[in-house]
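# Analysis of the macromolecular model
This is what each chain is made of:
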Amino acid sequence: MTPSQLISASFIPIAYGEKACKVSGWQKPENQLDYATLTQYSQPTNYGVVAGTSKLCLIDVDKPDHPKLKELEPYLPETFTVTTGKGLHYYYSYTEPNKWNKDTLSFRDENKNELLGIRIGSSYVIGPNSKHPDGRDYVVSVDVPIATITNTQLDGIVEALGENKDTKTITGSVLVVPSVIVTTPADTSKMDEPDKTIYTYNIYNVLDYFGISPTATIHPIHGSTNGNNWTVKDNIATCWRCNIHFGPLELFALLSSKCDCDKAESHCRGRDYITTKKMFLSVFADWSLFTSGSGGRC
Ligand SMILES: [Zn+2]
C-alpha cells in the first residue's frame, strides 16, 4: 500500500521488481495516476512518485555515509523518509519556482559515483513498499508528515556539493559533440562523405523543414513548463530539460519520429543510424541547401 503522506502525489506504474517506467510519455500529467487509481492496482506492484507534478522535491541519497553529507544537515529538515537498502529518499513539499530549469540536480563524489540527486521536475523515485531489482524493499524509515523545502535550502545543498556540470551528450556514429555548449563546429576532417555533409548541414534548414522557428525557446516535441528549455546555437540544438544536444541528424531523428530526446540518440546509432541517414538524405536531397555556415536560410 501507498502511505497516506502521498495522498496528493502523482504516480506512474512500474512492474514489480523493476525501476524503469515503460509508459511512454509518463512525463505528461495525463499519463500519471492519482492516489485512488494507484491503490486499485493489483498488489504487489512497484510505482514511481513523480516530483514535479506532485509538487514534491525528492532527494535521492545514494551514499548516506559519505562525509560530505554531514554538511547538508542544516538544509535537510526531518521529513517523511524511505530507505532503499543502500540509500535514502527524502520527500519534501516544494512549491517554489524551479529556477534551475532542470528535472534533476545531480551530484557525484570524488570517484564520479552518484552521491545525491535532487528531483524537482519530470523525474521520479521508486515509491515505498516497492521492490528493488536486487530484492530489497523500499521501506518507510521516518514515518512523519512531509516537511517543506525552499530554494534557499536547496541553494545550500548545491553550494555545499558543487553541482555536477556534466551534461548528457549524444555521440552518434557521426557526431562527437562536446559536453558543453560548443562555439566551434566539431572536427569533420576525418569523416567520410556524406557523413561530413550531414554534420555540416545547416541545422536551421532542418528546423525550417519541420516548420519550427529558429528562435523558439520551447522544446518542439515535449514542450516546456517554463517556456525556456530549448536553444539553437552554433549548429547545435539543445534540450535543457534532458540536457541533450542535437546535431542536424539527431534533430532530424527527433523531429521526424517525434520521440523522446534520449530516443533520438538511439535512432542515430548502429543499424538505425543507416536508416536515419538514408531518410535524412532523401528529405534533404536538394543539395543546394547544404551550407557550412550557421546563419539563416539559403
Ligand atoms: Zn528533452
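Predicted model only: the values in this text are computed from it and were never measured.

What counts, and where the lines are drawn
- Residues numbered from 1 in each chain as written.
- Predicted model: local features only at pLDDT ≥ 70, side-chain atom pairs only at ≥ 80, totals over all residues.
- Helix = DSSP H or I, 4+ residues; strand = E, 2+ residues; numbered from the N terminus.
- Buried ≥ 20, exposed ≤ 12 C-beta atoms within 10 Å, placed from the backbone.
- Contact = placed C-beta atoms within 7 Å.
- Expected span 1.5 Å × (residues − 1).
- Arc of directions from axis to C-beta.
- Pairing = 2+ DSSP bridges.
- Axes fitted to C-alpha atoms, helices over the stretch in contact; angles between N-to-C directions.

## Quick word on the overall build of the protein chain
Secondary structure summary: the protein chain contains 8 helices and 13 strands in total. For the protein chain, buried positions account for 35% of its 298 residues. Taking the contacts inside the protein chain whose residues are at least 6 apart along the sequence as the reference set, 66% of them involve residues at least 24 apart.

## Considering the environment of Y124
Within the secondary structure, Y124 is located in strand β8 (residues 124–126). Not counting chain neighbours up to four residues away, the residues in contact with Y124 comprise I12, G48, V49, V50, A51 and R119.

## Structural notes on helix α8 (residues 270–283)
A rise of 1.5 Å per residue sets the reference length of α8, with its 14 residues, at 20 Å; its end C-alpha atoms lie 21 Å apart and thus fit the reference within 8%. The complete set of buried residues in α8 reads T276, K277 and F280. Buried positions in α8, seen along its axis, are confined to an arc of 105 degrees and lie on one side of it. Facing away from the buried side of α8, by more than 90 degrees, are the exposed residues R271, I274, K278 and S282.

## Overview of the sheet that holds strand β1 (residues 10–14)
Taken in spatial order, the 3 strands line up as β1-β2-β8 in an open sheet, and their pairing is antiparallel. Pairing within the sheet leaves two strands with one partner each, and these edge strands are β1 and β8. Within this sheet the neighbouring strands show an average axis-to-axis angle of 30 degrees, counted without direction. In the sheet, β1 pairs with strand β2 (residues 46–50) via 5 bridges, with the strands oriented antiparallel. Of the residues in β2, the one forming a bridge with F11 is V49.

## Details of the sheet that holds strand β13 (residues 244–246)
With respect to topology, 3 strands assemble into an open sheet ordered β11-β12-β13, the strand pairing being antiparallel. Only two strands of the sheet have a single neighbouring strand rather than two, namely β11 (230–233) and β13. The mean inter-strand angle of the sheet, taken between neighbouring strand axes irrespective of direction, is 20 degrees. As defined by bridge partners, strand β12 (residues 236–239) adjoins β13 across 3 bridges and the pair is classed as antiparallel. The partner of C239 across the bridge, within β13, is I244.

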